[in-house]
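Okay, here's what each chain looks like letter by letter:
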Amino acid sequence: MAVPLTFRDKNGFPYQREATDVLYAKTRGQNCELYFENGEVEVWGYPLKYFHKKVWDTNLFRRLDRYLLVKISKVVNYKWLKVILCNGNIVALTRMGNDKVKKYFIKHSLHQ
């Protein structure tokens, strides 16, 4: 399911990117920072809760904390208070987020 996100370039012209290309998202003040699979980082002009509502139907992302959404299918491994993503990025977690990832991995038998 395609979920377009609208951004503005330096000149103020709008352009779109797919939400399914986002690896993880976290809050940045009133906006959210989106980290794409190709390594690019973009600031989306809306709070994280709006991004979460927009991608809810895709069932790709899990809310690991109030400041963090991760595309759970791209999590390769987890360690204490950290997740390791497919591109090698390490994302810090809180204890609550660590418990959520641990439960997901146990439920789906992904952790070795």
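About the criteria used
Residues numbered from 1 in each chain as written. Predicted model: local features only at pLDDT ≥ 70, side-chain atom pairs only at ≥ 80, totals over all residues. Heavy atoms only, no water. Helix = DSSP H or I, 4+ residues; strand = E, 2+ residues; numbered from the N terminus. Rg over C-alpha atoms; globule rule 2.2 N^0.38 Å. Buried < 20%, exposed > 50% of the residue type's maximum accessible area, 1.4 Å probe, protein only. pLDDT = per-residue confidence, 0-100. Pairing = 2+ DSSP bridges. Axes fitted to C-alpha atoms, helices over the stretch in contact; angles between N-to-C directions. Contact = heavy atoms within 4.5 Å.

Moving on, we get to the overall build of the protein chain. From N to C terminus, the protein chain includes two helices and 10 strands. In the protein chain, the succession of helices and strands from N to C terminus is β-β-β-β-β-α-β-β-β-β-β-α. A globule of 112 residues ought to have a C-alpha radius of gyration of about 13 Å, and the protein chain, at 14 Å, matches this closely. Across its three principal directions, the C-alpha atoms of the protein chain cover 45 × 30 × 25 Å. With 112 residues in all, the protein chain has 36% of them scored as buried.

Averaged over all residues, the pLDDT of the protein chain equals 85, while 96% of them reach at least 70. Per-element confidence in the protein chain ranges from a low mean pLDDT of 80 for helix 2 (residues 95-108) to a high of 93 for strand 4 (residues 31-36).

So, on to the sheet that holds strand 8 (residues 75-79). Taking strand neighbours across the sheet as the criterion, the three strands line up as 8-9-10 in an open arrangement whose pairing is antiparallel. The two strands at the open ends of the sheet, each matched to only one other strand, are strand 8 and strand 10 (90-92). Across the sheet, the axes of successive neighbouring strands diverge by a mean angle of 25°, strand direction being ignored. Of the pairings in the sheet, the one linking strand 9 (residues 82-85) to strand 10 comprises three bridges and is antiparallel in character. Bridge assignment links I84 to a residue of strand 10, and that residue is I90. Sitting on the sheet, helix 2 touches strand 8 and strand 9, and the angle it makes with strand 8 is about 125°.

With that settled, consider the pairing of strand 5 (residues 41-44). Burial along strand 5 is one-sided: the face carrying E42 and W44 is buried and the face carrying V41 and V43 is not. When strand 4 meets strand 5, the two strands line up antiparallel, connected through four bridges. Bridge assignment links C32 to a residue of strand 5, and that residue is W44. The turn joining strand 4 and strand 5, which pair antiparallel and follow one another in sequence, is formed by four residues; a positive phi near 95° is taken by G39.

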